[in-house]
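Here are the chains, one letter per residue:
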Amino acid sequence: ALSRVLTWAARHLQLVLAETGRVDHVYIAGAARAALADEDGVSDLAIHTGLALRHILVDEFQDTSIAQFELLATLVQGWTKGDGRTLFVVGDPMQSIYQFREAEVGLFLRARAAGIGPVRFEALRLTRNFRSRPELVDFGNVLFARVFPARDDMRSAAVRHTPSQAARGTGNTSLHVTLLALAMGGRTY
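Predicted model only: the values in this text are computed from it and were never measured. (Residues numbered from 1 in each chain as written. Predicted model: local features only at pLDDT ≥ 70, side-chain atom pairs only at ≥ 80, totals over all residues. Heavy atoms only, no water.)

A few words on the packing of aromatic side chains. Following the criterion strictly, the structure yields 3 aromatic pairs and no others. Between F61 and F108, the ring centres sit 6.0 Å apart and the planes meet at 45 degrees, which makes this aromatic pair tilted. Within this pair, whereas F61 is found in the loop between β3 (55-58) and α4 (66-75), its partner F108 is found in helix α5 (residues 105-114), the two being separated by 47 residues in sequence. When sorted by exposure, F61 lands in the same class as F108, which is buried. With a centroid separation of 5.8 Å and 80 degrees between ring planes, the pair formed by F144 and F148 is classed as edge-to-face. With a relative accessible area of 37%, F144 lands in the partly exposed category. By the ring-pair criterion, three or more aromatic residues cluster together here, those being F61, F69 and F108. (Phe/Tyr/Trp six-rings, centres within 6.5 Å; stacked < 30°, edge-to-face > 60°. Helix = DSSP H or I, 4+ residues; strand = E, 2+ residues; numbered from the N terminus. Buried < 20%, exposed > 50% of the residue type's maximum accessible area, 1.4 Å probe, protein only.)

Written as structure tokens, this is what we have:
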């Protein structure tokens, strides 16, 4: 019953948006994916767009949805190693909080392990905490080591805790960032 109600609500939303001449983020992403794909897979537009792009930066990558991941994979489909293009994604899988809007932290783990399309990553883990006092960093490390799973698991989107190291004697709040980076033609940061 809920599936029928949600299907009806989605159709009604599309009618309201069409009547008012408005679109939402979901519509724009869907239209972009539709324009970049054809019955043979990747469209000429996708190839041209992907080849025209030289550098792509994605922030908060831990909150990427399947649709966004597929769009990104389509854009880099024609890229080859050494062609000077770079894909730089930044994120911290321990901070993934947008599952309600279809974010899949497992995609972060997948990208780190297997890349996106032809793009492979060099994973960089930044663990130095410049904001918190050592006591708070140590407390967080002990607490989160108990709460997070022992190892990453793409299937269940489980992310292990990566401990931080206090870099200062005093500070304000905790910071932990994990970067995935790839420079197709060499290291670029």
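Anyway, onward from the coordinates.
To continue, consider the layout of surface pockets. Roughly 420 Å³ of volume is contained in the largest pocket. H25, V26, I28, A29, G30, A32, R33, S65, A67, Q68, R101 and E102 together form the lining of the largest pocket. At the level of secondary structure, the elements contributing two or more residues to the lining of the largest pocket comprise α2 (25-36) and α4. With 7 residues, α2 is the single largest residue contributor to the lining of the largest pocket. (1 Å grid on protein atoms, 1.4 Å probe; cavity = no way out; pocket = protein on both sides within 12 Å on 5 of 7 lines; lining within 4 Å. Points joined across faces, edges and corners; volume = space filled by probe spheres on them.)

Here we come to α5. Structurally, the α-helix is built with 3.6 residues per turn, so residues lying three or four positions apart point the same way. Buried residues dominate α5, accounting for 7 of its 10 residues. Along α5, the positions that sit buried rather than exposed are V105, G106, L107, F108, L109, A111 and R112.

Moving on to helix α6 (residues 134-147). With 14 residues, α6 ought to run about 20 Å at 1.5 Å a step, and its terminal C-alpha atoms sit 20 Å apart, in line with that. Where α6 is concerned, the buried positions are V137, G140 and N141. The arc enclosing the buried residues of α6, seen along the axis, measures out at 105 degrees, which places them on a common side. When the buried face of α6 is taken as reference, the exposed residues oriented beyond 90 degrees from it are F139 and R146. (Expected span 1.5 Å × (residues − 1). Arc of directions from axis to C-beta.)

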